[in-house]
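Close look at the chain arrangement
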Amino acid sequence: ELVTGGKMCETVRMITGYLLVSGGLILASLVHASSLPADGGEPGKAYKACLDAVAKPDKAAMVSLCFAKDDPWIKKANLGYFTNETFQVAVRIEWPALRLIDVKITGGQLTGDDAEISVQGTMLLQREEPTGDIVEVDRYPVKGTVKLQRKDGVWRYAGTEKLER
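Residues numbered from 1 in each chain as written. Predicted model: local features only at pLDDT ≥ 70, side-chain atom pairs only at ≥ 80, totals over all residues. Heavy atoms only, no water.

**Thoughts on unusual backbone geometry**
The omega torsion across Lys-56 and Pro-57 is -15°, close enough to zero to call that bond cis. Backbone geometry places Asp-102, a non-glycine residue, at a positive phi of 50°. Counting through the fold element by element, Asp-102 comes out in strand β2 (residues 100–111). In this structure Asp-102 comes out as exposed when scored by relative accessible area, which is 64%. Located in the positive-phi region is Asp-152, a residue other than glycine, with phi close to 55°. Along the chain, the position of Asp-152 falls in the loop between β4 (134–151) and β5 (154–164). Take Asp-152: its relative accessible area is 79%, and that puts it in the exposed class. (Helix = DSSP H or I, 4+ residues; strand = E, 2+ residues; numbered from the N terminus. Buried < 20%, exposed > 50% of the residue type's maximum accessible area, 1.4 Å probe, protein only.)

Here it is, written out as structure tokens:
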């Protein structure tokens, strides 16, 4: 009966269509984003702790508070080469959202193990001179979003952001 397009085939098509629609609705509800509190909740606290480590500067704290254990950039970095200060500059050059100072978190969205927090602050640009001195190149206000990801129950900076003047 299925091959001939009889009543059985029509029933199977209806059931299949129902399951596809139902499955889609269930899937959509599983990935629904929820709002974070004004301080960014746990992802916001993790981002602030990371920024505090960068601002200090404290190389060990930056590694443990900003990056996942398996972060490819950290794995490639020759950590022994850097002082706390030169590592701070390297991190800020590589990751724009870690250049921010005077940060205010204004909320965000949470979707499973991914968070996007809304921020505003001052972008600080630095460089290391050939003499070893670290100089400030520029600073300007920015606002936008910063992404964090939860791995093994711990929130860490996810390396992508949208920050604009």
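Resuming the write-up.
**Remarks on helix α2 (residues 41–55)**
In a regular helix each residue adds 1.5 Å, so 15 residues correspond to 21 Å; α2 covers 21 Å between its end C-alpha atoms and thus fits that length. Looking only at α2, the buried set comprises Gly-41, Pro-43, Gly-44, Ala-46, Tyr-47, Cys-50, Leu-51, Ala-53 and Val-54. (Expected span 1.5 Å × (residues − 1).)

**With respect to the packing of helix α3 (residues 59–66) against helix α5 (residues 84–94)**
Helix-helix packing is described using two parameters, namely the angle between the two axes and the distance between the axes. Their axes nearest at 9 Å, the elements α3 and α5 cross at an angle of 35°. Only Asn-84, Phe-87, Gln-88 and Val-91 of α5 make contact with α3, whose side of the interface consists of Lys-59, Met-62 and Val-63. Counted by class, the contact of α3 with α5 contains four nonpolar, two polar and one charged residues. (Axes fitted to C-alpha atoms, helices over the stretch in contact; angles between N-to-C directions. Contact = heavy atoms within 4.5 Å. Nonpolar A, V, L, I, M, F, W, Y, C, P; charged D, E, K, R; others polar.)

**A look at the pattern of salt bridges**
Tallied over the full model, the rule gives seven salt bridges. The partner of Lys-45 in a salt bridge is Glu-42, and the shortest N-O contact between them spans 3.3 Å. Of this pair, Lys-45 and Glu-42 both sit in helix α2, three residues apart, which is roughly one turn of the helix. (Salt bridge = Lys/Arg side-chain N within 4 Å of Asp/Glu carboxyl O.)

**Quick word on the packing of aromatic side chains**
Following the criterion strictly, the structure yields seven aromatic pairs and no others. Between Phe-82 and Phe-87, the ring centres sit 5.4 Å apart and the planes meet at 65°, which makes this aromatic pair edge-to-face. A residue is classified by how much of its surface remains accessible, and Phe-87, at 0% relative accessible area, is buried. Their ring planes at 80° and their centres at 6.0 Å tell us that Trp-95 and Tyr-157 sit as a pair that is edge-to-face. Note that Trp-95 is positioned in the loop between α5 and β2 and Tyr-157 in strand β5, a separation of 62 residues in sequence. Residue Trp-95 shares its accessibility class with Tyr-157, and that shared class is buried. Following the ring pairs from residue to residue traces out a cluster consisting of Phe-67, Trp-73, Tyr-81, Phe-82, Phe-87, Trp-95 and Tyr-157. Over the face of the ring belonging to Tyr-140 we find Arg-165, whose NZ or CZ atom lies 3.6 Å from the ring centre. (Phe/Tyr/Trp six-rings, centres within 6.5 Å; stacked < 30°, edge-to-face > 60°. Lys NZ or Arg CZ within 6 Å of the ring centre and 35° of its normal.)

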